Amino acid sequence: MTRVVLLGGGYVTLHAYATLVRRLGGAVRRGELEIVVVSADHAHRFHGFTGELIAGVVRRDRLATPLAEAMPLARIILGRATGVDTDRRTVSFRRGDDAPIEHLSYDELVVGTGAKEPTAEVAGLRRYGHTLRGPDEISALADHLTTVPGGPVVVAGGGVAGAELAAAVADRGHGVTLVHSGDHIMGEWDDQPRLVARGAAELAERGVTVRTGVRLVEVTPTTAHLSDGSVLATGTVVAATGQRPVRIPGLDRWRDEHGRLRTHRTLAVTPGVWAAGDAARVAHPVTRRPVPANALWAIKGGDHIGRSVARALRGRRATHFGYRGLGRAASFGFGDGISELYGIPFTGAVAWLLRLVFFLRFMPSRARAAGVVADLARSASVPRTARRATAARVGAPAPEGA
Ligand SMILES: Cc1cc2nc3c(=O)[nH]c(=O)nc-3n(C[C@H](O)[C@H](O)[C@H](O)COP(=O)(O)OP(=O)(O)OC[C@H]3O[C@@H](n4cnc5c(N)ncnc54)[C@H](O)[C@@H]3O)c2cc1C
């Protein structure tokens, strides 16, 4: 039997799976082709509505789709990949920290293990702070915020994700300081200065203090220490400090200076290994510059890999990745946002609606997408001040898969 192994349960592998099944689903059903997913998380996390979850507008169970539901024809292994042997075409993994290492052979391997915050670079962050990429970490932050109503919060990292998060936390009534090592926030959007200015204005309107030119260096249970020697009193530090690609041993010779797996135009790393998303360096088909690390590019990369793997299994040559981009979007509270579509900037309600349509389209579960719409419709009838007051209640845990 032929076996395709997908590492990770994020956007890349979900879309590689879907495309592969569209092309070779018959072979999977007949037992000629096995798709195995090795993922450290049992669910696919839809990060797009993180701000809405934190602000208590969208229920958390809408944003987690169990992999068994999202990839029903695949064998799911809940475990962490620990190595790849590209000569023998095997992957090693553990089902738990103390579990023995197991091995799995593959014919084609898709690496979609994404990235994580560099917690080791900030003393105390792993122990006392919050990160957002691991299983249930966003929900853990939402739970924590309910225990410190109105308390001061430090968000480290002034990229778009950090700025959105700061706004969402402020919408819950917390005093927020956004700490950023660069000289201005939202640098990924520098080609759209009007939108960056609008983002900064949204933060100012919510009373978010923005500290630029300093970095978070230490976290204790009651303080955040910054590189300029200042100390902020807070029991809540959240890291949105950029990302480091997850490194799976055995693939190091193909990494770039940022730890991303270098990919060819086909998205192959080396024969039999494919990569995209936050773990990979994918060149834009026209500019040849690395594409941004965001969900859209991970999704499109995954789609392309699914097609390429199907072609490889049929003995055909892989084609080049040709996707040129669409746009990007960010939200600053209910009904307000910034977005860019094919280079055209939008702000306010139009931008927010564009983002909503775009994100709903890419949610892996139609039922959950409908649930998000229901949550937003419910929220629309509540004034912003009342919304803040009910944030903790709406954001309370709901059973996963509900
Ligand atoms: C809080 C937050 C908000 C965001 N908001 C937006 C947004 O609004 N718009 C946007 O476009 N992008 C957004 N992003 C970025 C977007 O989520 C990522 O670019 C996207 O998830 C990358 O997809 P991926 O498939 O490469 O990795 P991921 O979706 O991160 O998936 C990685 C998978 O690999 C698993 N994994 C990790 N290590 C291992 C291992 N060793 N073995 C097995 N499995 C492993 C993980 O558990 C996970 O299932 C946001 C990210 C965050 C954290």
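Treat the numbers as computed from the prediction; the structure is a model and nothing was measured.

What counts and how
Residues numbered from 1 in each chain as written. Predicted model: local features only at pLDDT ≥ 70, side-chain atom pairs only at ≥ 80, totals over all residues. Near = placed C-beta within 6 Å. Helix = DSSP H or I, 4+ residues; strand = E, 2+ residues; numbered from the N terminus. Nonpolar A, V, L, I, M, F, W, Y, C, P; charged D, E, K, R; others polar. Domains from an automatic or database assignment. Pairing = 2+ DSSP bridges. Axes fitted to C-alpha atoms, helices over the stretch in contact; angles between N-to-C directions. Core = buried A, V, L, I, M, F, W, Y, C linked by C-beta atoms within 7 Å. Buried ≥ 20, exposed ≤ 12 C-beta atoms within 10 Å, placed from the backbone.

1. Quick notes on the site of the ligand
Then comes step 1: Neighbouring the ligand are 31 residues; Gly-8, Gly-10, Gly-114, Gly-277 and Asn-294 lie closest to it.
Then comes step 2: Broken down by secondary-structure element, the contributors of at least two residues to the shell around the ligand are α1 (11-29), β2 (33-39), β6 (80-85) and α8 (295-313).
Then comes step 3: It is α8 that provides the largest number of residues to the shell around the ligand, a total of 3 residues.
Then comes step 4: Tallied by class, residues from the shell around the ligand come to 15 nonpolar, 12 polar and 4 charged.
Then comes step 5: Built from parts of two domains, the shell around the ligand gets at least three residues from each of domain 1 (2-40 + 79-114 + 244-313) and domain 2 (119-242 + 327-394).

2. Topic: the sheet that holds strand β11 (residues 153-156)
Then comes step 1: Here 4 strands make up an open sheet; going across it, the order is β13-β12-β11-β17 and the pairing parallel. Looking along the sheet, the strands with just one partner apiece sit at the ends: β13 (209-212) and β17 (236-239). This sheet shows a mean twist of 20° between the axes of neighbouring strands, independent of strand direction.
Then comes step 2: Of the pairings in the sheet, the one linking β11 to strand β12 (residues 176-180) comprises 4 bridges and is parallel in character. Each residue of the ladder has a partner; that of Val-153, found in β12, is Val-176.

3. Observations concerning the nonpolar core
Nonpolar side chains in soluble globular proteins tend to be buried together.
Then comes step 1: With 109 residues, the main nonpolar core has Val-110, Val-111, Val-155, Ala-166, Val-169 and Ala-275 as its most contacted residues.
Then comes step 2: It is helix α6 (residues 160-171) that contributes the most residues to this core, 9 residues altogether.
Then comes step 3: A domain-level breakdown of this core finds at least three residues from each of domain 1 (2-40 + 79-114 + 244-313) and domain 2 (119-242 + 327-394).

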